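# Descriptive analysis of the structure
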Amino acid sequence: MYFAKNLRFLRRRAELSQSELGDKLVTDYNTVSRYENGKSTPKLEALTKLAQVFGVSVEALRNQDLTQLLAAPAQLEPNAPPEAQHLGKAAIRAVKHPLFVSVELDGTAASLARAVARLTAINNVLVETDEPSR
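Residues numbered from 1 in each chain as written. Predicted model: local features only at pLDDT ≥ 70, side-chain atom pairs only at ≥ 80, totals over all residues. Heavy atoms only, no water.

## Digging into the environment of tyrosine 2
- Relative to the assigned elements, tyrosine 2 resides in the segment before α1 (3–13).
- Of the residues examined, tyrosine 2 reaches a relative accessible area of 35% and is grouped as partly exposed.
- Taking the C-alpha atoms as reference points, tyrosine 2 and alanine 60, separated by 58 residues in sequence, lie 8.8 Å from one another.
- Apart from residues lying up to four places away in sequence, tyrosine 2 is in contact with Leu61, Arg62, Asn63, Gln64 and Asp65. (Helix = DSSP H or I, 4+ residues; strand = E, 2+ residues; numbered from the N terminus. Buried < 20%, exposed > 50% of the residue type's maximum accessible area, 1.4 Å probe, protein only. Contact = heavy atoms within 4.5 Å.)

## Some details on the packing of helix α2 (residues 18–25) against helix α4 (residues 44–54)
- Remark: α2 packs on α4, axes separated minimally by 10 Å, with the N-to-C direction vectors making an angle of 115 degrees. Viewed along their axes, α2 and α4 form a crossing whose handedness is right-handed. Of the residues in α4, those in contact with Leu21, Lys24 and Leu25 of α2 are Ala46, Lys49, Leu50, Val53 and Phe54.
- Among the residues making up the contact of α2 with α4, the classes are represented as six nonpolar, no polar and two charged. (Axes fitted to C-alpha atoms, helices over the stretch in contact; angles between N-to-C directions. Left-handed = near helix turned anticlockwise from the far one by under 90°. Nonpolar A, V, L, I, M, F, W, Y, C, P; charged D, E, K, R; others polar.)

## Digging into the layout of surface pockets
- Put simply, the second largest pocket is a space of about 240 Å³.
- In terms of lining, the second largest pocket is formed by Met1, Thr41, Pro42, Lys43, Leu44, Arg62, Leu105, Gly107, Thr108, Ala109, Ser111 and Leu112.
- For the lining of the second largest pocket, the element with the highest residue contribution is helix α7 (residues 109–130), accounting for three residues.
- Taken together, the residues that form the lining of the second largest pocket break down as six nonpolar, four polar and two charged. (1 Å grid on protein atoms, 1.4 Å probe; cavity = no way out; pocket = protein on both sides within 12 Å on 5 of 7 lines; lining within 4 Å. Points joined across faces, edges and corners; volume = space filled by probe spheres on them.)

So, in structure tokens, the structure goes:
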């Protein structure tokens, strides 16, 4: 799992302090520090917000080494969110049709993994349906 490493990398790349990122998450810098040091894991709501702030998928934030993927400059998708202008290929396009999904978790890593997989699948369907027909 790459979450802590990715969070620190993305925050620094966006030139945000822990306090500034905490403000975006409606939390304090201590919480952000605990996330970056691997001492705490965010709940799904905070994880989703972090993914939005940095313009990456929740799955990529948790499971891919973004420090390697984002090392080389790349072109952004034209509809990428403003916060993601510095992220390159890992940035996702903003979907034009917001969808609110409620997920119930039982507090286990397995339930979080299932929820992330389902949300990623939903996001992929939305992105596919949002792409222009060929």
